[in-house]
Amino acid sequence: GLCLMTAVFVLFGCAVDPETASRQTDEKIGSLIDRHWDESLASRPESLIESFSSEAREARLQEVCQTELLTLPRAAELALANSHEYQLAKEQLYLTALDLADVQHLYDWTPFSRTVGGYALEGDRDGEGGREALGVQQESGLSTLLACGARVSSGFTVGYMDVLTGDFRSGLTSIFQAAATVPLLRGADRKAVLEALTQAEQNTLYEIRNLMRFRQTLLVSVVTEYYRLLQYDSRMKNARTHYIQLLSLIDRMAPLASTGRVAAHELEEARQDQMKAWDEYVQLRQLYETQMDAYKLLLNVPQETAYGLDQNEWAALQADLRALPLTEEQAVEAALNQRLDLANAFDQTLDAQRHVEVAADALKADLSLVGLYSPASDNSRRYAFGANPGDLDRVRDRYEATLRLDLPLDREVEKNNYKRTLIFLAQRQRHHQKMTDQVVLEVRKACRDRREAEERYNTQKQARELAGRRLEQTQTLLQYGRANARDVLDAQQDYYQSEAAFAEALFLYSAALLDFYRDTGLLWVTPDGQWEAKAAAAR
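Being a predicted model, the structure only gives us computed values, none of them experimental. Chains are numbered independently. Their residues run from 1 in the order of the written sequence. Reporting in this predicted model follows two pLDDT cut-offs: at least 70 for local features of residues, and 80 or more for side-chain atom pairs to be given and counted; totals over whole chains, interfaces and linings ignore these cut-offs and use all residues. The side-chain values count all of the structure's non-hydrogen atoms but skip hydrogen atoms and water molecules.

As a further point, take the overall build of the chain. Scanning the chain from N- to C-terminus turns up 13 helices and ten strands. Buried means the residue's accessible area, taken with a 1.4 Å probe over protein chains only, is under 20% of the maximum for its type, while exposed means over 50%, and partly exposed covers the values in between. Taking all 539 residues of the chain together, the buried fraction comes to 39%. Whether two residues are in contact is decided by their heavy atoms, any of which lying within 4.5 Å being enough. Sequence-distant contacts in the chain: of pairs separated by 6 or more residues, those separated by 24 or more amount to 79%. Surface accessibility of the chain: about 29600 Å² in total, with carbon and sulfur atoms responsible for 52%. Put simply, DSSP marks the helices as runs of H or I at least four residues long and the strands as runs of E at least two long, and each gets a number from the N terminus on. Residue-level accessible areas treat just the shown protein chains as cover; the underlying method is Shrake-Rupley with a 1.4 Å probe.

Residues Leu-184, Leu-185, Leu-369 and Leu-403 make up a contiguous nonpolar surface patch of roughly 340 Å² in combined accessible area. By secondary structure assignment, the location of Leu-369 is in strand S7 (residues 366-374). Overall, the relative accessible area of 35% leaves Leu-369 in the partly exposed class. Each patch is built from residues that are more than 30% exposed by relative accessible area and take part in no salt bridge. Like charges join if they lie within 9 Å; nonpolar side chains (Val, Leu, Ile, Met, Phe, Trp, Tyr) join within 5 Å. In the sections that follow, a salt bridge refers to a side-chain nitrogen of Lys or Arg positioned within 4 Å of a carboxyl oxygen of Asp or Glu.

What follows deals with the packing of helix H2 (residues 18-36) against helix H7 (residues 195-258). Only the stretch in contact is used when fitting a helix axis, every axis being a line fitted to C-alpha atoms; angles between N-to-C directions are given from 0 to 180 degrees. Where H2 contacts H7, the two axes come as close as 10 Å, and the packing angle between them is 75°. Taken as axis vectors, H2 and H7 run roughly perpendicular relative to one another. Residues Ile-33, Arg-35 and His-36 of H2 form the contact with H7, whose own contacting residues are Glu-201, Leu-205 and Ile-208. Lys, Arg, Asp and Glu make up the charged group, whereas Ala, Val, Leu, Ile, Met, Phe, Trp, Tyr, Cys and Pro make up the nonpolar group; the residues left over, Gly among them, are polar. Residues of the contact of H2 with H7, tallied by class, amount to three nonpolar, one polar and two charged. Roughly parallel refers to an angle under 35 degrees, roughly antiparallel to one over 145, roughly perpendicular to one between 65 and 115, and oblique to any angle outside these ranges.

A few words now on the packing of aromatic side chains. Centre-to-centre distance and the angle between the planes together describe a pair of aromatic rings. Each Phe, Tyr or Trp ring (for Trp, its six-membered ring) is paired with any other whose centre lies within 6.5 Å, and the angle between the two planes then decides the class: stacked below 30 degrees, edge-to-face above 60, tilted in between. Under the criterion given, the structure shown has seven aromatic pairs. Between the aromatic rings of Tyr-457 and Tyr-509, the centroid separation amounts to 5.4 Å while the plane-to-plane angle is 45°, which identifies the pairing as tilted. Of the two residues, Tyr-457 is situated in helix H12 (residues 412-479) and Tyr-509 in helix H13 (residues 485-520); the sequence distance between them amounts to 52 residues. Like Tyr-509, Tyr-457 is buried. A cation sits over an aromatic face here: Arg-450 above Tyr-509, 3.6 Å from the ring centre. Charges are assigned to positions over rings by a cutoff of 6 Å between ring centre and Lys NZ or Arg CZ, combined with an angular limit of 35 degrees from the ring normal. Cation over ring: Arg-464 sits above Phe-502, and NZ or CZ is 3.9 Å from the ring centre.

This part takes up helix H8 (residues 264-299). Here, expected helix span is obtained from the residue count minus one, scaled by 1.5 Å. Helix length check: H8 (36 residues) gives 53 Å between terminal C-alpha atoms against 52 Å at 1.5 Å per residue, within 8%. Just downstream of H8 lies Asn-300, where phi reads positive at about 60°.

What follows deals with the pattern of salt bridges. For the coordinates displayed, the defined rule picks out 26 salt bridges. The salt bridge partner of Asp-490 is Arg-486, with a shortest N-O separation of 3.1 Å. One end of the pair, Asp-490, and the other, Arg-486, are both in helix H13, four residues apart, so they sit about a helical turn from each other. Note on Asp-490: relative accessible area 31%, which makes it partly exposed.

Okay, unusual backbone geometry next. For Asn-300, which is not glycine, the phi dihedral falls at a positive 60°. Summarising the element assignment, Asn-300 is placed in the loop between H8 and strand S6 (308-309). Given the relative accessible area of 13%, Asn-300 is considered buried.

Side-chain atoms within 4.5 Å link the members of a nonpolar core, which is a set of buried Ala, Val, Leu, Ile, Met, Phe, Trp, Tyr and Cys residues. Of all hydrophobic cores here, the largest spans 85 residues; its most connected members are Ile-33, Leu-70, Tyr-226, Tyr-227, Tyr-295 and Leu-299. Per element, the largest residue contribution to this core is 17 residues, and it comes from H7. If we skip the residues at most four places from it in the chain, Tyr-227 touches Leu-72, Glu-313, Trp-314, Leu-317, Phe-507, Ser-510 and Leu-514. By size, the runner-up hydrophobic cluster in this structure holds 14 residues, among which are Tyr-243, Ile-250, Leu-256 and Ala-485.

Turning our attention to the pairing of S7. The two faces of S7 differ: Asp-366, Ser-368, Val-370, Leu-372 and Ser-374 on one face are buried, but Leu-367, Leu-369, Gly-371 and Tyr-373 on the other face are not. Only when DSSP finds a minimum of two bridges between them are two strands counted as paired. As paired elements, S7 and strand S8 (residues 398-406) share nine bridges and run antiparallel to each other. Its bridge partner lying in S8, Tyr-373 is registered against Tyr-399.

Attention shifts here to the environment of Thr-520. For Thr-520, the position within the fold is in helix H13. The class for Thr-520 is buried, based on a relative accessible area of 0%. Distance from Thr-520 to Glu-333, taken between C-alpha atoms, is 8.6 Å for residues 187 residues apart in sequence. If we ignore the near neighbours within four places in the chain, the residues touching Thr-520 are Ala-331, Ala-334, Ala-335, Gln-338, Arg-339 and Val-443. In terms of polar contacts, Thr-520 uses its side chain to reach the backbone carbonyl oxygen of Phe-516, at 2.7 Å. Residues adjacent in sequence count toward polar contacts only when both atoms are side-chain atoms; beyond that, a polar contact is any pair of N or O atoms within 3.5 Å, and within protein one must be able to donate a hydrogen and the other to accept it.

Once that is clear, we can look at the confidence of the model for the chain. Model confidence for the chain is summarised by a mean pLDDT of 82, while 83% of its residues fall at 70 or above. The predictor rates its confidence in each residue with pLDDT, a number between 0 and 100. Per-element confidence in the chain is highest for helix H11 (residues 340-361), whose mean pLDDT is 94, and lowest for helix H1 (residues 2-13), whose mean pLDDT is 51. Scored below 50 in pLDDT, residues 378-395 makes 46 contacts in the model with residues more than four places away or belonging to other chains.

Right, let's talk about the side chain of Lys-296 for a bit. On the secondary structure map, Lys-296 appears in helix H8. Within this scheme the basic residues Lys and Arg register as positive and the acidic residues Asp and Glu register as negative, but His and the chain ends are omitted. Buried charged residue Lys-296 carries no salt bridge. Nearest counter-charge: Asp-293, at 4.0 Å. Aside from chain neighbours lying at most four places away, what touches Lys-296 is Val-301, Pro-302, Gln-303 and Thr-305.

What follows concerns the packing of H7 against H8. Contact geometry for H7 and H8: axes closest at 9 Å, N-to-C directions at 160°. The orientation of H7 with respect to H8, classified from their angle, is roughly antiparallel. In this structure, H7 crosses over H8, and the sense of that crossing is left-handed. When grouped by side-chain class, the residues that make up the contact of H7 with H8 number 26 nonpolar, four polar and nine charged. What makes a crossing left-handed is the near helix being turned counterclockwise from the far one by less than a right angle; a clockwise turn instead makes it right-handed.

Rendered as structure tokens:
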């Protein structure tokens with residue numbers, strides 16, 4: 001009965017509820033990430049793990065489809081909420097924090113409890129006069145790994161035997177025992193002992209930075225592609241307006257051609273230009289629709305969703321064109337201080353230096369001090385089920401102190417590993433230097449692109465104004481017979497092209513500024529897709 005109750009308790013009483021375990025793990029991982037998260041760079045997502053549910057996804061998508069006007073903040077919010085890649089980045093952070101929790105657990109006081117119970121039978125050589133008993137033995141204790149490299153454990157063992165026949169000794173026996181193993185040479189360096197924990201914490205920090213950086217690049221892609229859609233929409237509308245203006249021009253030219261004031265071939269040229277304008281409008285419409293489908297894929301929304309763009313964003317771009325907030329030298333300095341991927345590359349160089357020191361520690365000899373303590377037991381019945389009689393036979397206190405020495409006669413693997421760490425350190429140093437040069441190159445290019453885009457925008461803005469005035473003048477001159485139809489058609493075509501060039505320049509001007517903030521690392525993004533440019537500061 002005792003064995004049965006013990007088995008039932010162990011198998012069912014100590015079971016862990018899966019939902020409770022999952023909730024406790026979420027709380028622990030959330031606390032770990034909070035401890036490593038830098039709120040000055042970006043705010044943390046409320047949830048890192050989201051269970052996939054087709055029903056929940058359909059409900060969310062139905063809500064999305066009800067929105068006819070796709071504003072830019074809404075697009076950024078949808079991208080961060082629905083992006084598969086962003087969710088993968090969050091899950092990778094969670095998994096890395098799980099690895100950190102596993103390593104931290106090695107340095108915690110870990111409880112253990114083991115129970116053995118069963119039936120024992122011993123018979124004489126002649127098969128008669130056997131001994132028979134039922135017994136159970138429970139062992140519980142704690143163990144941990146200290147920062148100095150010592151491994152400490154303590155345990156309490158309780159054994160009970162119920163004799164059925166023979167001369168087994170019935171009763172209850174208990175002992176306490178504590179042991180410690182302390183390395184004195186190899187493995188005694190605190191840095192070597194804590195290397196696994198230090199690296200796990202660094203890996204968690206790297207994934208946090210990767211998540212922040214991914215959020216920046218994703219937002220820049222979402223905003224840039226939104227502006228590109230606005231540009232295509234502007235070009236499409238401009239092409240349609242151009243076509244309508246040509247129709248109006250043909251209507252005005254037809255009476256003049258009938259009276260001989262306009263040559264017939266000029267009227268035919270105008271009609272050819274009209275057909276070309278319609279063909280270009282059709283191509284631009286297809287380009288816009290294709291780009292819109294690609295944008296829906298970026299936001300991970302259904303393709304059948306009908307969205308309209310917020311034209312106020314296009315007007316706001318023309319009204320609020322900002323100059324570069326920093327000089328090129330200041331931008332480079334800001335990027336060297338703020339770029340999260342560059343910070344990872346630098347810290348990984350420090351990791352490699354640490355690995356060299358740990359590998360050097362492994363070349364030492366093994367010298368350990370082993371200590372054991374077990375207090376006396378005054379129980380005269382000292383024979384428990386499932387144990388060697390000597391294991392529980394303690395009639396006086398026992399102290400042990402032992403030195404164990406393992407000479408480094410064979411350290412071939414350790415020597416090879418040490419050389420590997422030296423090579424890896426050189427690789428990480430070169431990688432950091434290359435990445436530093438790459439960051440400087442990206443920032444310098446972003447500054448040049450921004451200056452070029454600004455100059456091009458100002459030029460195209462003036463060209464559009466000139467083309468508009470020229471078109472008005474030639475149309476007026478045509479009415480008084482002082483200009484031919486070809487002059488009007490050329491002016492109309494130039495004005496149409498200047499509108500397209502202006503729209504492209506406006507897009508490039510805005511995209512260049514976004515690239516500048518991304519490449520300098522000064523873009524601050526919230527989990528719901530809101531953003532702002534932060535002032536440069538040393539990290």
